[in-house]
Structure formats: structure tokens, C-alpha cells
Amino acid sequence: MLEFLRKDNNKVIHVNDMDSLIGTIELIDIREPYEYKSGCIKGARNIPMGSLLNTPESYLKKEKTYYIMCQSGARSKRTSSILTKQGFDVINVAGGMGSYVGTKRK
């Protein structure tokens, strides 16, 4: 009944706090291909949210850590929560591509 009061235990990093990590992490951009083509972070792999959630085991290994991002952070938060419950080690990239002001834009 008080489900909304439960603490969110998912891992989070803000998109503008990760420039030094880019190129050393597994970054997955879950936006649709047309969104991804309009601009992305260097090294990000595009796997649309629907595809990733339908068959995560086709894209992810449970022993690796993945950073999940989208345009604003809403889809990545939802996706990260679902994947965490399935046993995957994921970190939600808050803010998303729309907030990114770093130098690693492609």
C-alpha cells in the first residue's frame, strides 16, 4: 500500500559527472535509432529500450556493469530498475543526452 515510500536502491550517476569514464565503460543508449543518430556520446552502443527489455540476455552479461542512458533520464531510470530486478548490474545515467554538456559528443 505504501509502495511509493520505498527507497530507490538503483545506482545513479549524472550524465555530466561521467566524462572521465567515457571510453572505459559499457554505455548503452536506449533511445530510438532516429534519436541516437541526432547526437550521442562517443562509444555509446544503441540498443532501443524495447529490444533491450524484450531480450536483455541477448545484449547483456550479468557479470558486467552497464551504464544506461536515454534522452532525459526517465526511460533509463525505468529500464535500469527492471534490469536490476532481473539480476543485471546497471547504473542509470540521470539527465540523459538532453542535459549533456561534456566534450564527448559524437
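Residues numbered from 1 in each chain as written. Predicted model: local features only at pLDDT ≥ 70, side-chain atom pairs only at ≥ 80, totals over all residues. Heavy atoms only, no water.

Caption draft 1: Main features of the environment of Thr103. Tracing the backbone shows Thr103 in the segment after helix 4 (96-99). A relative accessible area of 62% places Thr103 in the exposed class. Taking the C-alpha atoms as reference points, Thr103 and Asn16, separated by 87 residues in sequence, lie 9.8 Å from one another. In this structure Thr103 touches Asp19 and Lys42, once residues within four positions along its chain are discounted. (Helix = DSSP H or I, 4+ residues; strand = E, 2+ residues; numbered from the N terminus. Buried < 20%, exposed > 50% of the residue type's maximum accessible area, 1.4 Å probe, protein only. Contact = heavy atoms within 4.5 Å.)

Caption draft 2: The nonpolar core, seen in detail. In this structure, Met18, Leu27, Ile41, Tyr67, Met69 and Val93 are the most contacted members of the largest nonpolar core, which totals 16 residues. Taken together, the elements giving at least two residues each to this core come down to strand 4 (65-69) and strand 5 (89-94). What Ile41 contacts, discounting residues up to four positions off in sequence, is Val15, Ile22, Leu27, Met69, Met97, Tyr100, Lys104 and Lys106. (Core = buried A, V, L, I, M, F, W, Y, C linked by side-chain atoms within 4.5 Å.)

Caption draft 3: Representation of the sheet that holds strand 5. Pairing within the open sheet is parallel, and its 5 strands lie in the order 1-5-4-2-3. The open sheet has two free edges, formed respectively by strand 1 (11-14) and strand 3 (45-46), since each of these has just one partner strand. Judged from the 4 bridges that link them, strand 1 and strand 5 form a sheet pairing that is parallel. Across the sheet, the residue bridging to Lys11 is Ile91, located in strand 5. (Pairing = 2+ DSSP bridges.)

Caption draft 4: Inspection of the environment of Tyr67 at higher detail. Residue position: Tyr67 is located in strand 4. A sequence separation of 39 residues divides Tyr67 from Ile28, and the C-alpha atoms of the two residues are 6.0 Å apart.

Caption draft 5: Quick peek at the pattern of salt bridges. Inspection of every chain in the model, using the stated rule, returns 4 salt bridges. Taking the shortest distance from any N to any O, the salt bridge between Glu26 and Lys64 comes out at 2.9 Å. Taken together, the residues span a long stretch of sequence, with Glu26 in strand 2 (residues 26-29) and Lys64 in the loop between helix 2 (49-54) and strand 4 at a distance of 38 residues. Residue Lys64 is classed as partly exposed on the basis of its relative accessible area, which comes to 31%. Where Arg75 meets Glu35, a salt bridge forms, and the shortest distance between an N and an O atom there is 2.9 Å. Residue Arg75 is located in helix 3 (residues 74-85), and its partner Glu35 is located in helix 1 (residues 33-37); the two are separated by 40 residues in the primary sequence. A relative accessible area of 14% places Glu35 in the buried class. (Salt bridge = Lys/Arg side-chain N within 4 Å of Asp/Glu carboxyl O.)

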